[in-house]
Amino acid sequence: MPSSLFLTRFALAVLVALASACDPSGGRRDLVPGPPVLPAVASAVAVPATTVHEAPPMPGPGRARGEAAVAENRACELCHEREARSWRSSLHHHAGTHPAYRDAFAVEPNPFCRGCHVPEGVPTAEPSASVRALGVGCVTCHLTPGGDILAAPAQDRQEPAPHRLLRSAEFASDGGCAGCHEFTFPGLHGGDDRAFMQTTSREHRRSAGRTTPCASCHMPLVDGARSHGFDRVRDPAWLRENLLVEAERQGDIVQLTLRQPRPGHAFPTGDLFRRLEVGLLVQDRSGRVRLRERQFLARHFEVRTGVAGRHLERDDRVFDEPRSVFFSLPDGEHLRISWWVTLQRVASVGDGTSPAEARVESEVRLHEGRLP
Ligand code: HEC
Ligand code: HEC
Ligand code: HEC
Ligand code: HEC
Ligand code: HEC
């Protein structure tokens with residue numbers, strides 16, 4: 001069993017992290033912006049002009065607006081009931097309270113984590129219950145420090161809003177997400193993938209789906225409004241449609257080929273402990289197991305003594321191109337061969353050397369089958 005040091009998202013980085021905890025983005029962003037400027041929600045009669053900025057500030061970690069954000073969020077929810085309903089069911093809303101995060105934070109209670117999971121709190125302080133419960137709120141994504149409300153570019157028919165709106169193509173592409181969905185290990189800087197704990201946004205920019213906005217896949221239109229539940233990723237049927245598997249046997253080799261029909265980034269993306277398990281079970285006629293082998297497609301990290309963060313050793317996730325996994329069959333006649341592909345998130349991958357021993361915290365069986 002690896003030492004508790006290895007049970008972390010960034011072994012060996014804790015001290016560095018405390019020093020740089022206030023800056024998960026590596027110096028590009030003020031963690032604690034000035035006092036909140038709340039939007040002037042006037043009567044619906046006085047319609048303020050919509051501003052169009054060249055480069056409006058995009059959402060990101062460490063908003064730190066505290067109780068003012070909680071109160072303002074309540075106002076958004078009252079007027080935008082449809083968006084509020086789906087947001088309340090989302091893991092954005094529950095980012096600071098749900099068990100997977102609380103368990104991981106208990107193992108490494110680092111202020112850095114709060115910047116994104118409790119973004120309206122001050123990262124170095126224990127948040128109040130209401131700020132923790134807000135999680136990633138309407139205000140976190142939409143309300144700029146200047147008091148404008150970010151929105152997608154105008155559609156044909158537009159009702160006037162009783163508040164300032166700042167329409168931005170960047171917000172509606174990946175600018176509304178990149179601040180939190182691409183970030184380095186604390187203490188590491190620079191543009192190299194190896195410095196990054198999550199790389200979803202840069203994967204998107206490199207993928208064949210780069211012109212498809214994140215919202216097109218993750219915020220489907222439901223009754224004319226964008227769903228704010230971000231819950232397709234928890235729908236096994238949707239996941240299955242988005243990863244296709246072909247299995248074939250040639251002599252004593254079994255080849256499983258995984259392909260994304262509509263790539264938007266790597267599969268799987270997100271947290272560094274997500275991976276695909278590709279498995280093969282071979283039995284003889286009497287049911288005796290002859291071979292049980294699993295291979296893992298992931299960003300494979302190693303912990304290296306004296307080096308902050310984890311070292312990215314290789315990345316064999318499914319990207320734009322199909323990815324093949326090979327297994328050698330044992331000798332023998334009348335073998336019964338079954339295979340499976342499972343999406344998993346593990347608690348840790350230890351020091352990276354024995355992924356098969358990692359504790360699986362959640363998993364979805366995507367595909368399975370048999371071969372003659
Ligand atoms: C007093 C009611 C009210 C409050 C409070 C309010 N809004 Fe609005 N908002 C409206 C109305 C009405 C519109 C225009 C009609 C529409 O698009 O829903 C609008 C428009 C918008 C739009 C643009 C929709 C589009 O056309 O693309 C966004 C985004 C938005 N509001 C977000 C927010 C957020 C976030 C908050 C909280 C910080 C908020 N609103 C607070 C009533 C309100
Ligand atoms: C994780 C970021 C995020 C959070 C949290 C969030 N929104 Fe949005 N919202 C967006 C993005 C991005 C769009 C634009 C999608 C598009 O049309 O391209 C959007 C669109 C909207 C719109 C435009 C109308 C529509 O639904 O098509 C409204 C209104 C809105 N949001 C209100 C809210 C309210 C109210 C909350 C909280 C209950 C909220 N949003 C929480 C990112 C967010
Ligand atoms: C302020 C930071 C922040 C912003 C901005 C943000 N996210 Fe997130 N997002 C998070 C955090 C934190 C989580 C993890 C929540 C958890 O599981 O604890 C998350 C989770 C998710 C998930 C997984 C949800 C689930 O149910 O498993 C998706 C998908 C996602 N975000 C997409 C987006 C998209 C698309 C955008 C832009 C429109 C966006 N996010 C903007 C912080 C953010
Ligand atoms: C073409 C569709 C598509 C686009 C575009 C896309 N995604 Fe995804 N996203 C998926 C699919 C399919 C999955 C499920 C498999 C996986 O984890 O890669 C997913 C998974 C995720 C997850 C993992 C959530 C979890 O709980 O497992 C996050 C976070 C996420 N996307 C964020 C984003 C962000 C941020 C963008 C834009 C920068 C984006 N996605 C663009 C299709 C898309
Ligand atoms: C810069 C933003 C950011 C920081 C800092 C951050 N996270 Fe996250 N975290 C995210 C996003 C975005 C996701 C969603 C990706 C996904 O679900 O795969 C996420 C997902 C997770 C998940 C998976 C949740 C689930 O539903 O499966 C855990 C656990 C987690 N984070 C714990 C932590 C811990 C512990 C820390 C501090 C060491 C931390 N995070 C720091 C943005 C951040």
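If you're wondering where the values come from, they're calculated on a predicted model, not measured in any experiment.

A. Quick peek at the sheet that holds strand E8 (residues 253–259). Ordered in space as E7-E8-E13, the three strands form an open sheet in which the pairing is antiparallel. Two strands close off the open sheet at either side, each with one partner strand: strand E7 (244–250) and strand E13 (323–328). Strand-to-strand twist in this sheet, taken as the mean axis angle between neighbours without regard to direction, amounts to 20 degrees. Sheet topology places E8 next to E13; six bridges connect them, and they run antiparallel. When the sheet's bridge partners are listed, Leu256 is paired in E13 with Val325.

B. Representation of the site of ligand 4 in the model. For ligand 4, the set of nearby residues contains 23 residues, the closest of which are Cys214, Cys217, Asn242, Gly264 and Gly270. A total of four residues in the shell around ligand 4 trace back to one element, the largest contributor, which is helix H10 (residues 214–218). Of the residues in the shell around ligand 4, the class split is seven nonpolar, 13 polar and three charged.

C. Structural context of the site of ligand 3. Around ligand 3 sit 25 residues in total, of which Leu91, Ala95, Cys177, Cys180 and Cys214 are the nearest. Where the shell around ligand 3 is concerned, the elements lending two or more residues are helix H5 (111–117), helix H7 (138–142), helix H8 (169–181) and H10. It is H8 that contributes the most residues to the shell around ligand 3, five residues altogether. In the shell around ligand 3, the residues fall into 15 nonpolar, eight polar and two charged.

Analysis parameters
Residues numbered from 1 in each chain as written. Chains lettered and ligands numbered in written order. Predicted model: local features only at pLDDT ≥ 70, side-chain atom pairs only at ≥ 80, totals over all residues. Pairing = 2+ DSSP bridges. Helix = DSSP H or I, 4+ residues; strand = E, 2+ residues; numbered from the N terminus. Axes fitted to C-alpha atoms, helices over the stretch in contact; angles between N-to-C directions. Near = placed C-beta within 6 Å. Nonpolar A, V, L, I, M, F, W, Y, C, P; charged D, E, K, R; others polar.

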